[in-house]
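Listed here are the chains, written in short residue letters.
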Amino acid sequence: MGKLAFVFAGQGAQAVGMGKELAENFDVAMKTFDEASEALGFDIKDMIWNGDKETLMITENTQPTIVTMSVAALRVLQEKGIKPDVVAGLSLGEYTAHIASGSMNFEDGVRLVKKRGKYMQEEVPVGKGAMAAILALTADEVRECCEEASKVGVCTGANFNCPGQIVVSGEVAAVEKCCELAKAKGAKRAMLLPVSAPFHCELLIGAGEKLAKELENVEIGDMQIPVITNVTADYVGSKEDIKPLLIKQVSSSVLWEDTIRKMLADGVDTFVEVGPGKALSGFIKKITKDVNVYNVEDMASLEKTLEGLNA
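Given the structure is predicted, the values throughout are model-derived calculations rather than measurements. (Residues numbered from 1 in each chain as written. Predicted model: local features only at pLDDT ≥ 70, side-chain atom pairs only at ≥ 80, totals over all residues. Heavy atoms only, no water.)

**Quick notes on the overall build of the protein**
And then number 1: Scanning the protein from N- to C-terminus turns up 14 helices and ten strands.
And then number 2: Against the globule reference of 19 Å for 311 residues, the protein gives a C-alpha radius of gyration of 19 Å, in line with a compact fold.
And then number 3: Each principal axis of the C-alpha atoms in the protein carries an extent, and together these give about 55 × 45 × 40 Å.
And then number 4: The proportion of buried residues among the 311 residues of the protein is 54%.
And then number 5: Pairs at least 24 residues apart make up 74% of the contacts formed inside the protein by residues separated by at least 6 positions.
And then number 6: Total accessible area computed for the protein in this model is approximately 13,000 Å², and 48% of it derives from carbon and sulfur atoms. (Helix = DSSP H or I, 4+ residues; strand = E, 2+ residues; numbered from the N terminus. Rg over C-alpha atoms; globule rule 2.2 N^0.38 Å. Buried < 20%, exposed > 50% of the residue type's maximum accessible area, 1.4 Å probe, protein only. Contact = heavy atoms within 4.5 Å. Areas by Shrake-Rupley, 256 points an atom, 1.4 Å probe, with all protein chains shown as cover.)

Dropping the structure here:
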């Protein structure tokens with residue numbers, strides 16, 4: 001019998017109306033949205049269900065809304081008696097992974113990611129930073145492009161998502177240079193992304209330092225479920241390691257492909273993407289064809305997942 005992993009969505013997965021169906025069908029999901037509203041001091045349900053795309057795209061709104069919706073879906077699975085052997089999340093999703101593991105309280109987590117979003121947004125003036133997706137090059141080829149582009153300014157690999165899909169981050173001129181170099185190396189596409197800040201590069205070290213101050217007020221508990229962190233693509237050793245890793249994560253590369261490969265090596269054969277969207281499911285399927293991949297974001301996907309897991 002193989003192992004089960006829950007993986008949690010990162011920024012970009014947000015959508016108006018997310019989680020409404022689950023909340024209308026499960027009290028535990030509705031209660032999650034209410035708890036988040038209380039913790040944040042505004043009606044998060046109204047923002048997500050009656051708001052607009054532009055409001056949700058503001059980083060300090062995006063982060064708490066995705067975590068709230070993901071935890072609502074997680075609690076529905078928990079209520080159904082489904083417990084993973086290991087958890088991980090893409091960037092922002094790592095906070096949901098810690099909430100799932102029991103190492104972080106939900107209310108603390110949702111308040112923390114709102115601040116995280118604000119600090120990440122404020123750290124680099126609009127127009128100074130950029131991110132770009134590079135398709136169909138190897139990780140080493142992208143690293144070579146970043147190194148060459150770094151002569152112009154900061155440029156680094158931000159998200160190593162899956163084979164042939166890597167995101168780079170840094171200063172505008174350097175990221176544009178990196179795109180040029182990638183195309184010359186044979187990249188199928190190298191395109192700037194519509195993001196508001198250059199996430200996961202050294203330009204965000206200051207945001208990590210501000211986050212560190214917020215983390216001082218957060219109590220971290222023992223992990224009841226092992227967590228694999230983006231920064232090392234390995235298990236978080238102890239609860240003492242959690243805060244330093246979350247601080248470092250803001251300005252470090254997200255090693256997502258390596259995270260999934262670590263799980264595969266440890267016997268995971270079933271993945272459930274918990275929260276909005278199916279981006280992580282897509283990445284996993286590009287990394288391996290030999291596993292079961294499900295997702296839970298609404299009633300139809302929940303029923304399909306429960307059917308698959310109980311088969």
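Still more to cover.
**A look at the nonpolar core**
And then number 1: F6, L77 and L302 are the most contacted members of the largest nonpolar core, which has 74 residues in total.
And then number 2: Once you skip the residues sitting within four places of it in the chain, F6 turns out to touch L74, L77, I82, P84, V86, V87, A88, V272 and V274. (Core = buried A, V, L, I, M, F, W, Y, C linked by side-chain atoms within 4.5 Å.)

**A look at the environment of L90**
And then number 1: With respect to the helices and strands, the residue L90 is situated in the loop between β2 (86–89) and α6 (93–101).
And then number 2: As a C-alpha pair, L90 and F8 span 82 residues in sequence and 6.3 Å in three-dimensional space.
And then number 3: If we skip the residues at most four places from it in the chain, L90 touches F8, A9, G10, N159, N161, N230, V254, W256 and L280.

**Observations regarding the layout of surface pockets**
Any empty space left between atoms is shown by rolling a water-sized probe over those atoms.
And then number 1: The calculated volume of the largest pocket comes to roughly 740 Å³.
And then number 2: In terms of lining, the largest pocket is formed by 34 residues, of which the most central are Q11, G12, A13, L193 and V195.
And then number 3: The set of elements that each furnish at least two residues to the lining of the largest pocket consists of α5 (59–79), α7 (106–123), β3 (129–135), β4 (155–162), β5 (165–171) and α13 (279–287).
And then number 4: Here the lining of the largest pocket is built from residues that sort into 17 nonpolar, 14 polar and three charged.
And then number 5: The volume enclosed by the second largest pocket comes to roughly 200 Å³.
And then number 6: Lining the second largest pocket, in full, are M1, G2, K3, L4, D85, D269, T270, N292, Y294, G308, L309 and A311.
And then number 7: For the lining of the second largest pocket, the elements supplying multiple residues, two or more each, are β1 (3–8), β9 (268–274), β10 (292–296) and α14 (299–309).
And then number 8: Looking at side-chain class alone, the lining of the second largest pocket contains five nonpolar, four polar and three charged residues. (1 Å grid on protein atoms, 1.4 Å probe; cavity = no way out; pocket = protein on both sides within 12 Å on 5 of 7 lines; lining within 4 Å. Points joined across faces, edges and corners; volume = space filled by probe spheres on them. Nonpolar A, V, L, I, M, F, W, Y, C, P; charged D, E, K, R; others polar.)

**With respect to the state of the cysteines**
And then number 1: Counted by the stated rule, this structure contains zero disulfides.
And then number 2: The structure places no disulfide on C178, whose sulfur is separated from the nearest cysteine sulfur, that of C155, by 3.9 Å.
And then number 3: The class of C178 is buried, set by a relative accessible area of 0%. (Disulfide = S-S within 2.5 Å.)

**Digging into the sheet that holds β3**
And then number 1: Spatially, the four strands line up as an open sheet ordered β4-β5-β3-β6, and their pairing is antiparallel. The open sheet terminates on both sides in strands that have one partner only, identified here as β4 and β6 (189–192). Across this sheet, the average inter-strand angle for adjacent strands is 20°, counted without regard to direction.
And then number 2: Bridge count for β3 against β6 is four bridges, and the pairing is antiparallel. Of the residues in β6, the one forming a bridge with I134 is A190.
And then number 3: Docked against the sheet, α13 engages β4 and β5, running at close to 80° with respect to β4. (Pairing = 2+ DSSP bridges. Axes fitted to C-alpha atoms, helices over the stretch in contact; angles between N-to-C directions.)

**Some remarks on the side chain of S101**
And then number 1: Structurally, S101 can be placed in helix α6.
And then number 2: Non-local contacts of S101, meaning those with residues more than four positions away in its chain, are made with V87, D222, M223, Q224, I225 and V227.

**Section: the pattern of salt bridges**
And then number 1: Enumeration according to the criterion identifies 16 salt bridges in this entry.
And then number 2: Among the ionic pairs, E35 bridges to K31, the shortest N-O distance being 3.0 Å. Remark: K31 and E35 occur in helix α2 (residues 27–40); sequence separation between them is four residues, near one turn of the helix.
And then number 3: You can call K31 exposed: its relative accessible area is 51%. (Salt bridge = Lys/Arg side-chain N within 4 Å of Asp/Glu carboxyl O.)

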